[in-house]
Amino acid sequence: MATTKVRGRMSAAKVRVLAELGPRYAVDLDPGRPLGERLGEAFGRSADRMLDVGIGNGEATVAWAAAHPDRDVLAVELHRPSAAATLLAVEEAGLTNVRLAEADVRSLLAEAAPGDVHDVRILFPDPWPKRRHHHRRLVDPVLVATVAGVLPPGGTLHVATDWEGYAAQVVAAVEADGRFAIDPTAERPDRPVTTYEALGRAAGRTIHDVCATRR
Ligand SMILES: C[S@@+](CC[C@H](N)C(=O)[O-])C[C@H]1O[C@@H](n2cnc3c(N)ncnc32)[C@H](O)[C@@H]1O
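Criteria and thresholds
- Residues numbered from 1 in each chain as written.
- Predicted model: local features only at pLDDT ≥ 70, side-chain atom pairs only at ≥ 80, totals over all residues.
- Heavy atoms only, no water.
- Near = heavy atom within 4 Å.
- Polar contact = N/O pair within 3.5 Å; in protein donor to acceptor, adjacent residues only side chain to side chain.
- Areas by Shrake-Rupley, 256 points an atom, 1.4 Å probe, with all protein chains shown as cover.
- 1 Å grid on protein atoms, 1.4 Å probe; cavity = no way out; pocket = protein on both sides within 12 Å on 5 of 7 lines; lining within 4 Å.
- Sits in = over half its atoms within 2 Å of the grid points.
- Helix = DSSP H or I, 4+ residues; strand = E, 2+ residues; numbered from the N terminus.
- Nonpolar A, V, L, I, M, F, W, Y, C, P; charged D, E, K, R; others polar.
- Axes fitted to C-alpha atoms, helices over the stretch in contact; angles between N-to-C directions.
- Left-handed = near helix turned anticlockwise from the far one by under 90°.
- Contact = heavy atoms within 4.5 Å.
- Points joined across faces, edges and corners; volume = space filled by probe spheres on them.
- Buried < 20%, exposed > 50% of the residue type's maximum accessible area, 1.4 Å probe, protein only.

In this section: the site of the ligand. Inspection of the region around the ligand gives 18 residues, with Gly54, Glu77, Asp104, Leu123 and Thr194 positioned closest. At 3.0 Å, a side-chain N or O of Asp104 approaches a nitrogen atom of the ligand. Contact between the ligand and Leu123: a nitrogen atom at 2.8 Å from a main-chain N or O atom of the residue. In isolation the ligand exposes 600 Å². Once the protein is present, 92% of that is buried. Applying the majority rule of atoms within 2 Å of the grid points places the ligand in the largest pocket. Elements that contribute at least two residues to the shell around the ligand include exactly helix H5 (105-110) and helix H8 (195-202). Split into classes, the residues belonging to the shell around the ligand amount to 9 nonpolar, 5 polar and 4 charged.

What follows is about the packing of helix H1 (residues 12-25) against helix H4 (residues 80-93). Put simply, H1 and H4 touch, their axes get as near as 9 Å, and they point 65° apart. The chirality of how H1 crosses H4 is left-handed. Here Lys14, Val17, Leu18, Leu21, Gly22, Arg24 and Tyr25 of H1 come into contact with H4, specifically with Arg80, Pro81, Ala83, Ala84, Ala85, Leu87, Leu88, Val90 and Glu91. In terms of residue class, the contact of H1 with H4 is built from 11 nonpolar, 1 polar and 4 charged.

Looking now at the layout of surface pockets. Of the voids in this model, the largest pocket is the one considered here, and its volume is about 730 Å³. As for the largest pocket, its lining consists of 32 residues, of which Gly54, Glu77, Phe124, Pro125 and Asp126 are closest to the centre. The set of elements that each furnish at least two residues to the lining of the largest pocket consists of strand E1 (49-53), helix H3 (59-67), H5, strand E4 (119-123) and H8. Partitioned by chemical class, the residues of the lining of the largest pocket number 15 nonpolar, 9 polar and 8 charged. Approximately 320 Å³ is the volume found for the second largest pocket. What lines the second largest pocket is a set of 21 residues, among which Trp64, Arg121, His158, Pro189 and Asp190 lie closest to the centre. Sorting the residues of the lining of the second largest pocket by element identifies H3, E4, strand E5 (156-161) and strand E7 (208-214) as the ones contributing at least two each. With 4 residues, the top contributor of residues to the lining of the second largest pocket is H3. Tallied by class, the residues present in the lining of the second largest pocket amount to 11 nonpolar, 4 polar and 6 charged.

Another aspect to go through is the environment of Arg45. Locating Arg45 in the fold gives a position in the loop between helix H2 (35-43) and E1. Relative accessible area serves as the criterion here: at 34%, Arg45 is assigned to the partly exposed category. Dropping the residues within four chain positions of it, Arg45 is found in contact with Gly40, Pro69, Asp70, Arg71, Asp72 and Asn97. Within the local environment of Arg45, its side chain forms a polar contact with the backbone oxygen of Pro69, the two atoms lying 3.0 Å apart. In this structure the side chain of Arg45 is engaged in a polar contact, spanning 3.0 Å, whose partner is the backbone oxygen of Arg71.

Okay, here's the thing in structure tokens:
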């Protein structure tokens, strides 16, 4: 079970945002009931769901949700100030198809049943560039196997990173799992340049999008 604890320091304004908006957008994280049931209740409808993992300030989450009103987006984030910033952006955009799980995605996915989630997107996961920290990287063979066990055929796993070695690690994990097809010619999925993508570009790094489809 994942043990990561990232909560972050909160300004008074962000504490207020979470207190006011949290109840409206939060998913019930009590594992006493199946996750699919809790998600259906939180969204109030049955639609294909995208798990947007590590959302930062939510700019890509908001853009995707606005472009896909027929789909639902579960934003998963460990960092409380990021969760608050995202809820504010969702509220300002007037979106009804976004909910928030303040959780470690590994714990959440461990509770998921096949079909609970149709797509998983992880934009610019923490790179842990030092070799001795590579074991902390989120997207590893265990996470890939968990995602493969949850996605239906045709569901997708999309990981973007500006660290070439991390991209290679993701491709290796996906290929070794064997349950996905990677399209190496796939175009960059439509998404805004996020805060961390901008940092990577400014540092001169190349952006890699690994797009894998569940067979
Ligand atoms: C480098 S930031 C990228 C933020 C944003 N996607 C972007 O592109 O600007 C990585 C984010 O992933 C979150 N995160 C890290 N591990 C996580 C986990 N196990 N579950 C959920 N979120 C996680 C961090 O709190 C952080 O907000």
